[in-house]
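Residue strings, one per chain:
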Amino acid sequence: MDIVGTGFLARNLRPLAGRHPETVALAAGVSWASGTSDADFAREAALVGDVAKRCAADGRRLLFFSTAATGMYGLAEGPGREDVPVTPCTPYGAHKLALEELLRDTGVDHVILRLGHLVGPDQPEHQLLPTLVRQLREGVVRVHRGAARDLIDVGDVITVVDRLLATDLRAETVNVASGFAVPVEDIVDHLAEALNLEARREYHDAGGRQHIISTEKLHALVPQVAEMGFGPFYYLRILGAFSASVYI
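To start, this report covers the structure provided alongside it. Only a predicted model underlies this, so the values are computations on that prediction, with no experimental measurement involved.

Reading the values: the criteria
- The numbering scheme is per chain: residues are counted from 1 as the chain's sequence reads.
- The predicted nature of this model means local features are confined to residues of pLDDT at least 70 and side-chain atom pairs, given and counted, to a pLDDT of 80 or more, with totals for whole chains, interfaces and linings taken over all residues.
- Remark: hydrogens and water are excluded; side-chain values derive from all non-hydrogen atoms of the structure.
- Helical segments are the DSSP runs of H or I of at least four residues, strand segments are the runs of E of at least two, and each set is numbered from the N terminus.
- Radius of gyration: C-alpha atoms only; globule rule: 2.2 Å multiplied by the number of residues to the exponent 0.38.
- Throughout, exposure labels follow a simple rule: accessible area from a 1.4 Å probe, protein chains only, divided by the maximum for the residue type, with under 20% read as buried, over 50% as exposed, and the rest as partly exposed.
- Only heavy atoms matter for contacts: two residues are in contact if any of them lie within 4.5 Å across the pair.
- All accessible areas in this document rest on Shrake-Rupley with a 1.4 Å probe, and a residue is counted as covered only by the protein chains that are shown.
- The sign given to each residue is positive for Lys and Arg and negative for Asp and Glu; His and the chain ends receive no count.
- We put the charge of a Lys on NZ, of an Arg on CZ, of an Asp on CG and of a Glu on CD.
- By definition, a salt bridge exists where a carboxyl oxygen of Asp or Glu is found within 4 Å of a side-chain nitrogen of Lys or Arg.
- Helix axes use the C-alpha atoms of the stretch in contact, all axes being lines fitted to C-alpha atoms, and the angles between their N-to-C directions lie in the range 0 to 180 degrees.
- Small angles under 35 degrees read as roughly parallel and large ones over 145 as roughly antiparallel, with 65 to 115 read as roughly perpendicular and the rest as oblique.
- Handedness of a crossing follows from how the near helix is turned relative to the far one, being left-handed for an anticlockwise turn of less than a right angle and right-handed for a clockwise one.
- Polar here means any residue outside two lists: the nonpolar Ala, Val, Leu, Ile, Met, Phe, Trp, Tyr, Cys and Pro, and the charged Asp, Glu, Lys and Arg; Gly therefore counts as polar.
- For two strands to count as paired, DSSP must find a minimum of two bridges between them.
- Only buried residues count toward a nonpolar core. Its members are Ala, Val, Leu, Ile, Met, Phe, Trp, Tyr and Cys residues joined through side-chain atoms within 4.5 Å.
- In the cavity and pocket records, a cavity denotes points on a 1 Å grid over the protein atoms alone where a 1.4 Å probe fits but cannot get out, a pocket denotes an open set with protein on both sides within 12 Å along at least 5 of 7 lines, and lining residues are residues with an atom within 4 Å of a point.
- Grid points are joined across faces, edges and corners, and a volume is the space filled by probe spheres set on the points.

### A closer look at the overall build of the protein chain
A tally of helices and strands in the protein chain yields 9 helices and 11 strands. For the protein chain, the C-alpha radius of gyration of 18 Å lies close to 18 Å, the compact-globule estimate for 248 residues. Expressed along its principal axes, the backbone C-alpha trace of the protein chain runs to roughly 55 × 35 × 35 Å. Out of the 248 residues in the protein chain, the part that is buried amounts to 50%. Long-range contacts, defined as pairs at least 24 residues apart, comprise 78% of the intrachain contacts of the protein chain with a sequence gap of at least 6. Of the roughly 11600 Å² of accessible surface on the protein chain, a fraction of 52% belongs to carbon and sulfur atoms. Charged side chains of the protein chain number 24 positive and 32 negative; the gap between the two group centres comes to 3 Å.

Here it is, written out as structure tokens:
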């Protein structure tokens, strides 16, 4: 596998570099759901188009990482599914959906993975858990009422990617998530207790509710997912591991 990118996801994909030689993993571009400019979106669109052309010329499969988060599925009725039309509810979600459509239009062999919220050591400071830890340290945590997030360990994502690519999957979109939406208040409670931090909470009504992400297709394609511990308490294990990696 050739890996395009040097960030959090790209670094975690490195153990697969010696596998799936027919695949190029595009793990670069916009990873910040808020505060991203039109110029950033345009640069990622140009990158996707360029990598797709190269893959088509070489006869290789392009692995593209999209999102299964609120921006994509926040307006969905019921669990967010890959096989029904979606209406993104944020600029980030609309951008990722547009890139999916751009990729399909190129005709290149491809796999699109819509990811839940990745959790792991040394993840970018702007992502959810590092942001919550920073706010806990500062003494004020901003919580969107009713918000929930599907958390998934980045190591588990890499395992799923490896198994999906081994099936010779083509022209498919797959949600890669735990399938369980955790209230953000519960995430804050766990982090505060694990890190022995106290903070005042400010509640806002701006956040969209995270609907459950359907993992039916993922389970059908990778039956081993049933043995990975996904369930209503899965998040406690990965939050425990994340908390242990945080320097106090």
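Now, onward.
### Examining the pattern of salt bridges
In total, this model carries 18 salt bridges according to the counting rule given. Asp109 serves as the salt-bridge partner of Arg170, at 3.0 Å between the closest nitrogen and oxygen. In this pair, Arg170 sits in the loop between helix H6 (154–166) and strand S9 (172–176) while Asp109 sits in the loop between helix H4 (91–106) and strand S4 (110–115), placing the two residues 61 residues apart along the sequence.

### Here's the deal with the packing of helix H7 (residues 184–195) against helix H9 (residues 234–245)
Helix-helix packing: each pair is described by the crossing angle between the helix axes and the interaxial distance. Closest axis-to-axis distance for the H7/H9 pair is 10 Å, and the angle between their directions is 40°. As far as their axial angle goes, H9 and H7 are oblique. Crossing of H7 against H9: the hand is right-handed. Each of Asp186, Ile187, His190, Leu191, Ala194 and Leu195 in H7 lies in contact with H9, whose residues at this interface are Tyr235, Leu236, Leu239, Gly240, Phe242 and Ser243. Tallied by class, the residues present in the contact of H7 with H9 amount to 8 nonpolar, 3 polar and 1 charged.

### Focus: the pairing of strand S3 (residues 61–67)
Counting buried positions along S3 gives 7 out of 7 residues, so the element sits mostly inside the fold. Looking at chain direction, strand S2 (residues 23–26) and S3 are connected through 4 bridges and run parallel. When the bridges of S3 are listed, Val24 appears paired with Leu62.

### Regarding the nonpolar core
Within the largest apolar cluster, 53 residues are counted, with the highest numbers of intra-cluster contacts made by Leu13, Phe65, Leu113, Val161, Leu164 and Leu191. Excluding residues within four positions of it along the chain, Phe65 makes contact with Leu9, Leu13, Ala25, Leu26, Ala27, Lys96, Leu113, Leu115 and Val161. Val24, Leu26, Val108 and Ile112 belong to the second largest nonpolar core, which has 13 residues in total.

### Structural notes on the layout of surface pockets
There is about 230 Å³ of room inside the second largest pocket. For the second largest pocket, the lining is made up of 12 residues, of which Glu125, Pro130, Phe242, Ser245 and Val246 are closest to its centre. For the lining of the second largest pocket, the secondary structure elements donating two or more residues are helix H5 (128–138) and H9. Examining the composition of the lining of the second largest pocket, we find that 4 residues originate from one element, H5, more than from any other. Here the residues of the lining of the second largest pocket are counted per class, giving 6 nonpolar, 2 polar and 4 charged.

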